[in-house]
Amino acid sequence: MSPTSPANPGCPTRRLTTAQALVAFLARQYTERDGRRQRLISATWGIFGHGNVAGIGQALMEAGGGRSGGGRSGGAGNGAAHRMPYLQGRSEQAMVHAAVGYARQSGRLSAHAVTTSIGPGATNLVTGAALATINRLPVLLLPGDTFATRPADPVLQQLEVEYAGDVSVNDCLRPVSRYFDRITRPEALIPAALQAMRVLADPAGTGAVTLALPQDVQAEAYDWPEEFFAERDWHVRRPAPDTHELEAAVRAVRSARRPLIVAGGGIRHSAAEETLAAFTAATRIPVASTQAGKGALRHDHPADVGGIGHTGTATADELARTADLVIGIGTRFSDFTTASGTLFANPAVRVLHLNITGFDAHKLAALPLVADARAGLEALTAALAGRGYRVDPAYETEYTGAKEAWEERVEASFATPDPTARPTQTQVLGLLDALVTEDDILINAAGSLPGDLHKLWRTRSRDQYHVEYGYSCMGYEIPAAIGVLLAAEGRTPRRPVWALVGDGTYLMNPTEIVTAVQENLPLKLVVLQNHGYASIGGLSESVGAERFGTAYRHRDADGGFTGPPLPVDLAANAASLGMRVLRATTVDDLRTALSEARDAGGPTCVYVETETPDTVSGPPPAQAWWDVPVAETASRPAAVKAREEYDRQVAARRRHL
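Please read all numbers here as calculations on a predicted model, not as lab measurements.

J.: If you had to explain the packing of aromatic side chains to someone new, which residues and values would you point to?
T.: Counted under the stated rule, the structure contains 11 aromatic pairs. For the pair Phe25 and Phe228, a centre-to-centre distance of 4.5 Å together with 10° between the ring planes defines the contact as stacked. Of the two residues, Phe25 is situated in helix α1 (residues 18-26) and Phe228 in the loop between β11 (221-225) and β12 (232-235); the sequence distance between them amounts to 203 residues. For Phe228, a relative accessible area of 4% corresponds to the buried category.

J.: Requested: an account of the side chain of Arg136, with residues and values cited.
T.: Here Arg136 lies in the loop between α5 (126-134) and β8 (139-145). For Arg136, a relative accessible area of 19% corresponds to the buried category. Residues in contact with Arg136, not counting those within four places in the same chain, are Arg108, Arg178, Thr206, Arg332, Phe359 and Asp360.

J.: Can you lay out the sheet that holds β12 for me, pointing to particular residues and giving the numbers?
T.: Ordered in space as β3-β2-β12, the 3 strands form an open sheet in which the pairing is mixed. Lying at the two open borders of the sheet, with one neighbouring strand each, are β3 (36-39) and β12. If you compare each strand with its neighbour and ignore which way they point, the axes differ by 30° on average. As judged from the 4 bridges shared by strand β2 (residues 29-33) and β12, these two strands associate in the parallel manner. By the bridge assignment, Gln29 is partnered in β12 with Arg232.

J.: Now, about empty space enclosed by the protein: what can you tell me, with residues and values included?
T.: By the definition in use, this model includes 5 cavities of 30 Å³ or more. Volume-wise, the largest cavity comes out at about 630 Å³. Residue lining of the largest cavity: 47 residues in total, with Arg136, Gly265, Gly266, His269 and Gly330 positioned closest to the centre. Breaking the lining of the largest cavity down by element, the ones donating at least two residues are α9 (265-269), α12 (335-338) and β17 (350-355).

J.: Give me the nonpolar core: which residues, what numbers.
T.: Of all hydrophobic cores here, the largest spans 52 residues; its most connected members are Val114, Leu141, Tyr506 and Leu525. Not counting residues within four places of it along the chain, the set of residues in contact with Leu141 comprises Val96, Val114, Leu125, Ala129, Leu173, Ala208, Val209, Thr210 and Leu211.

J.: I'd like a description of the layout of surface pockets, backed by residues and values.
T.: Of the volumes computed, that of the second largest pocket is approximately 570 Å³. Looking at the second largest pocket, it is lined by 29 residues, and the ones nearest its centre are Tyr102, Ser106, Ser110, Leu486 and Ala487. Of all elements in the fold, only β3, β4 (41-46), β6 (84-88), α3 (92-105), α9 and α18 (477-487) reach the threshold of two or more residues within the lining of the second largest pocket. Of the residues in the lining of the second largest pocket, the class split is 10 nonpolar, 9 polar and 10 charged.

J.: Could you give me a rundown of the confidence of the model for the protein, with the residues and numbers involved?
T.: Mean pLDDT for the protein: 93, with 96% of residues reaching 70 or above. Here residues 69-77 scores under 50 on pLDDT; set against residues more than four positions off or in separate chains, the count is 25 contacts.

J.: Help me get a handle on the pairing of strand β10 (residues 208-214), residues and values and all.
T.: With 7 of 7 residues buried, β10 lies mostly within the body of the structure. Alternating positions in β10 separate into two faces, Ala208, Thr210, Ala212 and Pro214 on one and Val209, Leu211 and Leu213 on the other, with burial throughout. For β8 and β10, the ladder comprises 5 bridges, and the chain directions are parallel. Counted as the bridge partner of Gly144 is Leu213 from β10. For the segment spanning strand β9 (residues 179-182), helix α6 (residues 189-200) and β10, crossover handedness is right-handed.

J.: Residue-level account of the sheet that holds strand β22 (residues 523-529), with values.
T.: Spatially, β20-β19-β21-β22-β24-β23 is the arrangement adopted by the 6 strands of the open sheet, whose pairing is parallel. The strands lining the two open edges of the sheet, one partner per strand, are β20 (465-467) and β23 (580-584). Here the strands of the sheet are splayed against their neighbours by 20° on average, with no regard to which way each runs. Of the pairings in the sheet, the one linking β23 to strand β24 (residues 604-609) comprises 5 bridges and is parallel in character.

J.: Now, about the pairing of strand β19 (residues 441-444): what can you tell me, with residues and values included?
T.: Residues Ile441 and Ile443 of β19 are buried on one face, and the alternating residues Leu442 and Asn444, pointing to the opposite face, are buried as well. The pairing of β19 with β20 spans 3 bridges and is parallel. Bridge pairing in β20 places Asn444 opposite Val467. As a crossover connection, the stretch from β19 through helix α17 (residues 449-456) into β20 is right-handed.

J.: Please provide a residue-by-residue account of the environment of Ala204, values included.
T.: Position of Ala204 relative to the elements: it lies in the loop between α6 and β10. Residues Ala204 and Lys524, spaced 320 residues apart in sequence, show a C-alpha to C-alpha distance of 33 Å. In this structure, Ala204 is in contact with Arg178, Ile356 and Thr357, ignoring residues within four places of it in sequence.

J.: Report on the environment of Gly560, specifying residues and quantitative values.
T.: If you trace the backbone, Gly560 turns up in the loop between α21 (534-542) and α22 (570-576). Exposure remark for Gly560: the relative accessible area of 24% places this residue in the partly exposed category. Once the C-alpha coordinates of Gly560 and Phe548 are considered, the two residues, 12 residues apart in sequence, prove to be 8.5 Å apart. Setting aside residues no more than four positions away along its own chain, Gly560 makes contact with His554 and Arg555.

J.: Account for helix α2 (residues 53-62), with residues named and values stated.
T.: If you check which residues of α2 are buried, you get Gly55, Ile56, Gly57, Ala59, Leu60 and Glu62. In the segment just after α2, Gly64 is the residue with positive phi, at about 125°.

The rules behind each value
Throughout, a residue's number is its position along its own chain's written sequence, starting from 1. It should be noted that, the model being predicted, local features are given only for residues of pLDDT at least 70 and side-chain atom pairs only at 80 or more, the latter also being counted only at that level, while totals for whole chains, interfaces and linings use all residues. Water and hydrogen atoms were dropped before computing side-chain values, which therefore reflect all heavy atoms in the structure. Between 30 and 60 degrees the pair is tilted, below 30 it is stacked and above 60 it is edge-to-face, where a pair is any two Phe, Tyr or Trp rings, Trp via its six-membered ring, whose centres lie within 6.5 Å. Helix and strand labels come from DSSP, where a helix needs a run of H or I of at least four residues and a strand needs a run of E of at least two; each type is numbered from the N terminus. Each residue's exposure class comes from its accessible area (1.4 Å probe, protein chains only) as a fraction of the maximum for that residue type: buried when under 20%, exposed when over 50%, partly exposed otherwise. By the convention used here, residues are in contact when the closest approach between their heavy atoms is within 4.5 Å. A pair of strands is labelled paired if DSSP reports no fewer than 2 bridges between them. Orientation is described by axes fitted as lines to C-alpha atoms, over the contacting stretch for helices, and by angles from 0 to 180 degrees between their N-to-C directions. The rule is simple: put a 1 Å grid over the protein atoms alone, call a set of points where a 1.4 Å probe fits but cannot get out a cavity, call an open set with protein on both sides within 12 Å along at least five of seven lines a pocket, and count a residue as lining if it has an atom within 4 Å of a point. Grid points are joined across faces, edges and corners, and a volume is the space filled by probe spheres set on the points. By nonpolar core we mean a set of buried residues, namely Ala, Val, Leu, Ile, Met, Phe, Trp, Tyr and Cys, connected to one another through side-chain atoms within 4.5 Å. All amino acids are sorted into three groups, where Ala, Val, Leu, Ile, Met, Phe, Trp, Tyr, Cys and Pro are nonpolar, Asp, Glu, Lys and Arg are charged, and the leftover types, Gly among them, are polar. Known as pLDDT, the predictor's per-residue confidence is scaled from 0 to 100. Crossovers are described as right-handed under a simple rule: with the strands pointing away from the observer, the path leading from the first strand over the helix to the second runs clockwise.

Structure below.
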C-alpha cells in the first residue's frame, strides 16, 4: 500500500527526488485551445555540469531521454506517453533560441524546457530569456543553483555577494523572466510548478519562466502526492472585448476616411489570419505589417501593402503618414518596426489598438480594445456588418495602385541581368523567392537582411516569414531553425527550413550546426559573406560615425581597420562542423546551389560572397526615419552634417496624446 501525504491525508504518495518529480510533472502538462490538445513541455534541452547532472540530468535519464521519448520509463514511473525527450545543445543561449523557435512554430501552445548547471551555464541563458520575454514566447528555464543548505560556501562557480546570502547569478534572470522562483525546499516545487505552467500558457503574460534549482534540493527525496502527477490541461484563453470598448472602436472605424491596419505578431499567435482577411474583405481597409506580423495576409492579397516602419514599403509608409486612424492589432508599436514616433504624421490621426494585453493596448494614447486578436476581429467585423462601413473606392484604388508600383521596385531589386556576376544580397533573396513555395520557412534575426526581407519578401503562407526582431539577436537563426524543424516533425513531405545569416551573425553562434548534424535535421543554411557588419556599417555612416569598427579587415598603417579583408573561410568552418557545403560564386552557381540545398535530406550550407549593391540591384532606401541620436558636438565633418540632418528630422517627432 502506498504511503499517504501528510498535507493531504488519504492521498497516496510517490517518493522521488525533486528533479524526478519535476520532470514527471512536466510530462503530464497539456494546453488546450479551440479543441486542440498538446503537450505543454514536449522536450528538454540540456548541457550538464555539477549543478544539474545529478539532479535534472539523472531524472531525464530515467524519464526516457531519447529525442522521440524512447528508452525505459525508470524510477519516475513514466509510461510511454509521459516520457521526456532530451535534446543535447552546445551553447546555453542557443538552446533557448531553439526553444523559442519551437514555441513560435507551435503557435505558443507547446514549449521546451532548458536546463543548465550553475555559474556560466546559467548566466548564458539571460540573452535568450530576454528574447523570449520581449517576443512573448514561452520557454521554461531550469538553471542549477548553489546549495540551499550551504554545506560548501562558496561552491565552485558561486557568486559571493557580501550584502546578501540569498543572491546567486540566477538573479540576473529575474528582470527577463515573466515568472521567477527559487526552489529551496522540495515541497516548494508544487506551487511554483503550477504557477510556472499558468504563466507559460497565459497568452497575455507568457515569456521566459525560470525555476532556479539548488543542486542539493534537486537530488533530495520527498513523498509527493500522486495528485501532483495527474494530467492537467491548461486552457489558452481567447478573451472577448468589453462591450463599451467595442462600441468605441466601431465609432472610430466608421468615422475614419483613411484607416490603416498595422498587423503585429499577435495575429499569428492567435491564428487570426483568416479572420483578418474576412475583416478586410468587408471593409477594404489596407493592412501593413510589422516584422512579427508579416504573413498575416499573403503578399498577393489585395489589401496587403507590405511592411511598415523604417524598413517598410513606400506604399505602407505613405499610407501611414496620411492615415486618420491607425488600427494596431497585436503589435507593440516599437519605434524601429513601426516608426511610431514620427510616421503617423496626420495632425488628426487617432490610434485604435486591439491587443490581448492592456499594457500594449494603451500605447500611443490609443483607444484600447483589449481582447484576443481573433475574438476581437470577429466582434468588430460583426459589429460593423450591419452599419455599412467600407472605405471610399478612391482610397482603395490609391493603395492598390501604389502596391503595384512597389512590386516593380521589388522586381528591379531581384533582377539578375548578368548570370555570371557575383550576386548582391537582394539578388540572393530574389533567387530564393523564385525557388520557394508556401511550404518553405525563412528564419532571420539581425544584420541588413531583416530590412531587405521586410521590404521585399513575398510571403506565401502564415508561418513562412520567421524574422525575430523584438530583440534582433545575432546568433538566433541557426538554433531557431532547429526548433522550427523539431516543431514541424512528422509532416510529410518535410517542410524546407532556411536559416539566412551574414558573416557577422554566423561568427556569433554557429555551434548548433553540430546539433543539426547529430539529429540529421535537414537545415538549409545560407551564409552571406560581406566582410563585416553591413547593417551597422550603414547606420554608422548615417549618424556620422563613418563605419568605424564595422568592417572585418586587417589593420592599416594608422591602426584602423581599412586593410585587406580577413582570410576567414566560413564555408570551411561549417564543413568542419559536419555540414555539407555548397560554394557559389556567381548568380548561376547560386541558383543551382539553392535548388540542390532545398532537395537535400540532411543539413546543407550554401555559402556565397555577395557584391556591394548598386542603384539597380540594391534594396530601396529607408522609407521612414528612425530616431538614433547623433553627437551634438563633433569636429569631423561627417558627424556635423549628420547632426544637422538629425535636428531636421527630430523636429517632426511627436507624442501621441
